[in-house]
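# Breakdown of the fold
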Amino acid sequence: MTTDIDATAGKYLRDKYAIIGVGETTYTRGSGMTTRALGTWAIKNAMDDAGIPASEIDGMMSYSGNDSTASPMLAGDLGIRLNFYMDVQGGGSSSEALIGLAIGAIEAGMCETVVVFRSMNGFSQVRIGGTGARASVPVGGDALHAAAYGWFSAGQNFSPTFMRHMYDYGTTPEQVAMVKVIHSEHASNNPKAYYKQRVTVEDVVNSRMICKPLHLLDCCVETDNATALIVTSVDKAYDYANTPARILGVAGRVCKPRIDMHFQHGPISTVAGHYIKDIIYRNAGVGPEDIQCTGAYDAFTFTSMLQLEDYGFCEKGEGGDYVSSGIMRLGGERPNNTSGGHLCEGYTHGMNMIIENVRQLRGQVDDYCPVDGNGNKQHTFNYAEPAAGGGCRQVPDVEITQNLGWAMPGTGSSLIMRKG
Amino acid sequence: MPQGEYLGMTLTVLDLDQENLAYFQHCADHDFHLQQCADPDCGLIRYPPGTACPWCSGREFNWVPVDARGEVHSYGEVHHAIQPAFRERAPYMILLVELDTQSGVPTEHEALRVAGNLVDADGNFAGPDLVKQVGIGSRMRMVFADVADGLALPHWTLDEDAEQPDSPWRYPQEVNGV
Ligand SMILES: [Zn+2]
């Protein structure tokens, strides 16, 4: 997989940057706070996690769909004086892309340490599922070719892609349901998860149909939350509280040949990961076989499966087997979304899966395991539910993780990190 | 400026949106047209409407009549509708119909895949029984839903003149009888 290049050359920046702090707010359905307040608390939590003062942060970036608050407002609240900020339009897969752009901003000399955040009242204000105020907006221009057909929410938009995968490869509802089953197992050991209840394949395929092939439990949980992480160069990263998560490579917003109506370019059951893999593994100097823990974006059960397949974790068309084999379960060969992800922990547009992998790489995942006198987790590696004497969700000896960010079938991003 | 109410939505084509204006005017005439690249080395037809050619970046094009028939390439079937007026029409199908015209051109996996809802021959939203008859491989022809002067939406109905597959491919699990 690995192309033999000197990726430590300036052009590639492999291993020269790191994530030093992560933080979030409680996942709720009804935060009772503005996105400004939520974002401020998430950034403060990330600062406290890193042990970094406001005076040592000078960059800030965020993404949203006009449903957040701009960086300078949050920076001002926290006493952070910015040398650089950028707030962009973007949904899923923007997290990885902005980490790459933060590296670029630092490399260009514009700033030295950058906060990336996403703040969203994704349940109580702007619901990505499209209910509420979004359901009755005027339809014009290019939306006449989609929204006018009741083809509007993410699930509706992606459904022909998912359906065609079942047709092309014989993927079954029961195979795909295993994504939810496994993520629910992980979430049961995550005190932060919005849904902690373990579910079965029968629970998923008997839950009510939303948009074929998506049942209710194939869809993620809209929540109110803010999430933040802090990126700086490796020469500063070791000055702070945690073992840095070093960034081996990043790929951002890689697209299929068409992005509006990407269905014109097939196979439509192939997603952007097909292109991303040629960039991310080259930049990182590792291949899928080296990845010990994945964060495959699970807006839907299908999005994890399609990405794992197109990045090369299994052969094309064998995603159904991969996700139902137990490989991605805690204790399996390559666990996926150990926090429970969007399906169970909460929908964040991708940030929580990066935060989780940072904590995995530190060996300090915030599960139900005891904490010693030095504040370090004493993991039991018992992945049963807490009530059954388990409660752990730490992957043992994890050195390399990958995030597979999804925006839509035609667009995605990726991030590979290693233990510092 | 073509504008009309349709299923509880206000649909608008701005006067400055030249490509969509022409596209939907042809639909309002019930005469499906698409843009064909005018570059003699290219000549490819494109969907949806756009300002330049996705294959050669050419700016010049002509609107050409296109035979609006094809085969269901994939679909979604909405049971939990979001937009209010769609709720009473659920379950409804979102069809991607691959036109016979330019199928597999310029490369094997490229095609003109035109979206629309499943409707009956008179253009009414399909009822649950008709929904169950349509799947991947079904042969479809276009019908239009009139919205306003200069604005109609293309939809799809089963092509009575075509040979239909014995059983088009449908989602393998039918839950609670739906
Ligand atoms: Zn052309």
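Below you will find a few notes about this structure. Quick caveat: nothing in here was measured; it's all calculated off a predicted structure. By convention here, each chain's residues receive numbers from 1 onward along its written sequence. In the order they appear in the text, chains get letters beginning with A and ligands get numbers beginning with 1. Given that this is a predicted model, residues contribute local features only at a pLDDT of at least 70 and side-chain atom pairs are listed and counted only at 80 or more, while totals for whole chains, interfaces and linings are drawn from all residues. Side-chain measures here rest on the full set of heavy atoms in the structure, leaving out hydrogens and waters.

Right, let's get into the overall build of chain B. Helix and strand counts for chain B stand at three helices and ten strands. Secondary structure elements of chain B, listed N to C terminal, follow the sequence β-β-α-β-β-β-β-α-β-β-α-β-β. Atoms considered for the radius of gyration are the C-alpha atoms alone. The globule rule reads 2.2 Å times the number of residues to the power 0.38. Its C-alpha atoms give chain B a radius of gyration of 17 Å, near enough to 16 Å, the size a compact globule of 178 residues would have. Expressed as a percentage of its 178 residues, the buried residues of chain B come to 55%. Should any heavy atoms of two residues lie within 4.5 Å, those residues are considered in contact. Once local pairs closer than 6 in sequence are excluded, the contacts in chain B between residues at least 24 apart make up 55%. Charge convention: Lys and Arg are scored as positive, Asp and Glu as negative, and His as well as the terminal groups of each chain are ignored. Each charge is placed at NZ for Lys, CZ for Arg, CG for Asp and CD for Glu. Distance between charge centroids for chain B: 5 Å, based on 10 positive and 28 negative side chains. Numbering of helices and strands runs from the N terminus, with a helix taken as a DSSP run of H or I at least four residues long and a strand as a DSSP run of E at least two residues long. Categorising residues by exposure relies on relative accessible area from a 1.4 Å probe, with only protein chains included: less than 20% of the type maximum marks a residue as buried, more than 50% marks it as exposed, and the intermediate range marks it as partly exposed.

With that settled, consider the overall build of chain A. The helix and strand tally for chain A stands at twelve helices and twelve strands. Taking all 420 residues of chain A together, the buried fraction comes to 64%. Nonlocal contacts in chain A, meaning residues at least 24 apart in sequence, comprise 75% of its contacts between residues at least 6 apart. Approximately 13,700 Å² of chain A is accessible, and the part contributed by carbon and sulfur atoms is 50%. Placing the 33 positive and 44 negative side-chain charges of chain A at their respective mean positions leaves the two points 3 Å apart. Accessibility throughout is a Shrake-Rupley quantity obtained with a 1.4 Å probe, and a residue counts as covered only by protein chains that appear here.

Bringing the packing of helix H1 (residues 35–50) of chain A against helix H2 (residues 71–78) of chain A into the picture now. Residues and elements named next belong to chain A. Interhelical geometry of H1 versus H2 gives an angle of 60 degrees and a closest axis separation of 9 Å. The angle between the axes of H1 and H2 places the two elements in the oblique class. In the packing of H1 onto H2, the handedness of the crossing is right-handed. Two secondary-structure elements touch here, H1 through Arg36, Gly39, Thr40, Ile43, Lys44 and Met47 and H2 through Met73, Leu74, Asp77 and Leu78. Taken together, the residues of the contact of H1 with H2 break down into five nonpolar, two polar and three charged. Interaxial angle, 0 to 180 degrees, is taken between N-to-C directions of lines fitted to C-alpha atoms, where a helix line uses only the stretch in contact. Relative orientations are named as follows: roughly parallel for angles under 35 degrees, roughly antiparallel for angles over 145 degrees, roughly perpendicular for angles from 65 to 115 degrees, and oblique for any other angle. Two helices that cross are described as forming a left-handed crossing if the nearer one is turned anticlockwise from the farther one by less than a right angle, and a right-handed crossing if clockwise. Charged means Asp, Glu, Lys or Arg here, nonpolar means Ala, Val, Leu, Ile, Met, Phe, Trp, Tyr, Cys or Pro, and polar covers whatever is left, Gly included.

What follows deals with the pattern of salt bridges. Basic side-chain nitrogens of Lys or Arg form a salt bridge, by our definition, when they fall within 4 Å of a carboxyl oxygen of Asp or Glu. Considering all chains together, one arrives at 28 salt bridges over all chains under this definition. Between Glu345 of chain A and Lys192 of chain A there is a salt bridge, with the nearest N and O atoms lying 3.3 Å from each other. You can see Glu345 of chain A sitting in the loop between helix H11 (341–344) and helix H12 (351–362) and its partner Lys192 of chain A sitting in the loop between helix H5 (173–188) and helix H6 (201–206), a full 153 residues away along the chain. For the pair shown, Glu345 of chain A and Lys192 of chain A are each scored as buried. For Arg141 of chain B, the salt bridge identified is with Glu160 of chain B, shortest N-O distance 2.7 Å. Residue Arg141 of chain B is found in strand S9 (residues 139–148), and its partner Glu160 of chain B is found in the segment after strand S10 (151–158); the two are separated by 19 residues along the sequence. Through salt bridges with shared partners, a single network forms among Glu24, Lys192, Glu345, Glu356, Arg359, Asp366 and Arg393 of chain A.

Right, let's get into the nonpolar core. Buried Ala, Val, Leu, Ile, Met, Phe, Trp, Tyr and Cys residues form a nonpolar core when they are joined through side-chain atoms within 4.5 Å. With 118 residues, the main nonpolar core has Leu11, Phe32 and Leu95 of chain B as its most contacted residues. Ignoring anything within four residues of it in the chain, the contact list for Leu11 of chain B reads Val139, Leu144 and Ala148 of chain A together with Pro2, Gln3, Gly4, Tyr6, Val147, Leu151 and Leu153 of chain B. Core analysis: the second largest hydrophobic core is formed by 35 residues, Tyr17, Ile19, Leu361 and Val398 of chain A among them.

What follows is about the coordination of the zinc ion. Each metal site lists N, O and S donors within 2.8 Å (3.2 Å for Na, K and Ca). With water left out of the atoms, a site can look as if it is missing ligands. For the zinc ion, the full set of protein donor atoms is Cys37 of chain B (SG), Cys42 of chain B (SG), Cys53 of chain B (SG) and Cys56 of chain B (SG), at a range of 2.2 to 2.4 Å. Tetrahedral means four donors with every angle between 85 and 135 degrees, whereas square planar (four donors) and octahedral (six donors) require angles over 155 degrees between opposite donors and between 65 and 115 for all others; sites fitting neither are termed irregular. Classification of the site at the zinc ion as tetrahedral follows from its four donor atoms and the range of 97 to 118 degrees in their angles at the metal.

All names here are of chain A. Multiplying one less than the number of residues by 1.5 Å gives the expected span of a helix. Counted at 1.5 Å a residue, the expected span for helix H3 (residues 94–107) with its 14 residues is 20 Å, and the 19 Å between its end C-alpha atoms agrees. Burial of H3 is extensive: eleven of the 14 residues sit out of reach of the surface. The complete set of buried residues in H3 reads Ser94, Ser95, Glu96, Ala97, Leu98, Ile99, Gly100, Ala102, Ile103, Ala105 and Ile106. Taken from the residues just after H3, Gly109 is the one with a positive phi, measuring 85 degrees.

On the side of chain A, 43 residues touch chain B, which itself brings 49 residues to the contact. The term buried area means the drop in 1.4 Å probe accessible area that two parts suffer when joined, counted for both and summed. With both chains or domains summed, chain B and chain A bury close to 4,100 Å², and 61% of this area falls on carbon and sulfur atoms. Sorting the residues of chain B by area buried against chain A places His80, Ile82 and Tyr171 of chain B first, and these three jointly supply 16% of that buried surface. Here chain B and chain A share one salt bridge between them. Between Glu77 of chain B and Lys212 of chain A there is a salt bridge; the shortest N-O distance is 3.1 Å. Throughout this description, a polar contact denotes any pair of N or O atoms lying within 3.5 Å of each other; where both atoms belong to protein, one of them has to be capable of donating a hydrogen while the other can accept it, and for residues adjacent in sequence the pair is counted only when both atoms sit in side chains. Put simply, chain B and chain A have 19 residue pairs in polar contact (both at pLDDT 80 or more) between them. Those elements that place two or more of their residues in the side of chain B that touches chain A are strand S2 (9–12), helix H1 (18–28), strand S6 (69–78), helix H2 (84–87), strand S7 (92–99), strand S8 (113–117) and S10 of chain B.

We now examine a nonpolar patch on the surface. Residue and element names in this part refer to chain B. What goes into a patch is any residue over 30% in relative accessible area without a salt bridge, connected to like charges within 9 Å or, for nonpolar side chains (Val, Leu, Ile, Met, Phe, Trp, Tyr), within 5 Å. A contiguous nonpolar surface patch, about 340 Å² in accessible area, is contributed by Met1, Leu14 and Leu16. With respect to the secondary-structure elements, Leu14 resides in the loop between S2 and H1. A relative accessible area of 42% places Leu14 in the partly exposed class.

Attention shifts here to the side chain of Ser339 of chain A. All names here are of chain A. Structurally, Ser339 is set in the loop between helix H10 (319–324) and H11. Within the structure, Ser339 has its side chain in polar contact with the backbone nitrogen of Gly341 (distance 3.0 Å). Beyond its immediate stretch of four places on either side in the chain, Ser339 contacts Ala187, Asn190, Ala193, Glu345, Asn352, Glu356 and Arg393.

Turning our attention to unusual backbone geometry. All names here are of chain B. The peptide bond linking Tyr47 to Pro48 adopts the cis configuration, its omega dihedral lying at -5 degrees. When you line up the elements, Pro48 lands in the loop between strand S4 (45–46) and strand S5 (61–65). Between Ala90 and the following residue, Pro91, the backbone shows a cis peptide bond with an omega angle of 0 degrees. If you trace the backbone, Pro91 turns up in the loop between H2 and S7.

Moving on to the sheet that holds strand S5 (residues 139–140) of chain A. When DSSP finds at least two bridges between two strands, those strands are taken to pair. Pairing within the open sheet is mixed, and its three strands lie in the order S5(A)-S2(B)-S1(B). The sheet terminates laterally at S5 of chain A together with strand S1 (3–6) of chain B, the two strands that pair on one side only.

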